[in-house]
Amino acid sequence: MKKKVNGFLIAILLMFALSACGTSKPSNVVEDAMKHMQNNEISEAGQYFYTDSEKGTENENQDESESYSNVVLQAMTACAEENAGYIKYEIADSTIDGEEATVTVDITYKNAGPILKLAINDLTNQSISNAFSSAFLGGGELNDDDMSAIFLASFEKAKENAAIIDKTDTLEIHCKKVNKEWKITNYEELLNVYYCNMYDSLDSISSSSDEDVSIEENTDPPLKTEPDSSDITYFKDNGMKETTMSFADWDEFNEMTLDLKYIGEDNNGQYVGEAEMRISTYDEETGETETITGSGTFTEDAEGNGRIVLDNGNSGDYYLYWEEDHYVLSIDIGRDAMTLLEAEWAYNNVG
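What counts, and where the lines are drawn
Residues numbered from 1 in each chain as written. Predicted model: local features only at pLDDT ≥ 70, side-chain atom pairs only at ≥ 80, totals over all residues. Heavy atoms only, no water. Pairing = 2+ DSSP bridges. Helix = DSSP H or I, 4+ residues; strand = E, 2+ residues; numbered from the N terminus. Salt bridge = Lys/Arg side-chain N within 4 Å of Asp/Glu carboxyl O. Phe/Tyr/Trp six-rings, centres within 6.5 Å; stacked < 30°, edge-to-face > 60°. Buried < 20%, exposed > 50% of the residue type's maximum accessible area, 1.4 Å probe, protein only.

Enquirer: Sorry, what's going on with the pairing of strand β5 (residues 243-250) here?
Expert: As a general feature of sheets, a regular strand has side chains that alternate between the two faces. Examined bridge by bridge, β5 and strand β6 (residues 254-265) share eight bridges and lie antiparallel to one another. Paired with Ser 246 across the two strands is Asp 259, which belongs to β6. Counted between consecutive antiparallel strands, the loop separating β5 from β6 contains three residues.

Take a look at the structure:
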């Protein structure tokens, strides 16, 4: 995701005509850039931004017209154009130190960051639901066209259901003198203003994604209280007797449940058993709920790393661990991962 976010920034910069502006003061540079953004004159605003060779596009190979990333950028741009006129600012201070300067700006603008997050979360949920449905029924994953269509519909729905309210910030805009002209170096701050806080929202989503640890790399359970790390599963807690663990996750329209029935151990000391999955998806337009079920077997080691093999031949890895006062299972089928909570705990504690 991080690379895609950088791609958005690069795509934005490619719209700018980077010509000399000839403005003599840092505060004037910032003010002129702000005025152009208020008028949706992005190319004109871009002439005040400083970009070095490290921010090139040599590692970006996005399809400029068809990629999902480009569709997200188009939606962001349309929203920005609708709200640029609401930008208000006041230059509060300006200090110059040789070839560098800092301009402090008090600014108010529209915050559409939550709108973008809602749309991407909806896309993520639908992508995961599709991945698990494909695991049961077979078939391919969502392609860029599918993701683009889902995102656009989710974005418009989010705009209808969530208000775009004002956001007030105090920004420190840094400038440097380049060829006797003042240029803005941290122009991302201003781009975030123009893009209604959606640029920062993308970055925060990316950061959260980058911090995730893949199931294959995760060999130790997170910091937890009881039970001890050696008692990772109910099977061991229950004296190695036949035990069923149930997990669940749901949102407004989808619910997934997973039952792991532990039967015994194989010759390698791994726990073995039967797996049952169920995915229910509610169609808001028709009022109908579609339910898909699937079954298979699983093996799991003493550290909670397991693998489910469905009857149709599809498979997925999971990681089971204890978190404070309940069990959590992170499962990966295809390219998407989903976190399921111990079902009884989740139904009693999650709204």
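Alright, that's what it looks like, and here's the rest.
Enquirer: Whenever I open this one, the pattern of salt bridges confuses me. Can you help?
Expert: Should their charged atoms come close, side chains of opposite charge can pair. Counted according to the given criterion, the structure contains five salt bridges. Between Glu 82 and Lys 159 there is a salt bridge, and its shortest N-O distance comes to 3.6 Å. Of this pair, Glu 82 sits in helix α4 (residues 68-83) while Lys 159 sits in helix α6 (residues 144-161), and the two are 77 residues apart along the sequence. A salt bridge links Glu 242 to Lys 261; the shortest N-O distance between them is 3.6 Å. With Glu 242 in the loop between α9 (234-237) and β5 and Lys 261 in strand β6, this pair connects stretches of sequence that are 19 residues apart.

Enquirer: Got a minute to help me understand the packing of aromatic side chains in this structure?
Expert: The geometry of two aromatic rings is summed up by the distance between their centres and the angle between their planes. Enumeration over the complete set of coordinates arrives at eight aromatic pairs. Between the aromatic rings of Phe 49 and Tyr 187, the centroid separation amounts to 5.3 Å while the plane-to-plane angle is 15°, which identifies the pairing as stacked. Linking Phe 49 in the loop between α3 (42-46) and α4 with Tyr 187 in the loop between β4 (181-184) and α7 (188-194), this pair joins segments that are 138 residues apart in sequence. Among the residues examined, Phe 49 registers a relative accessible area of 4% and is labelled buried.

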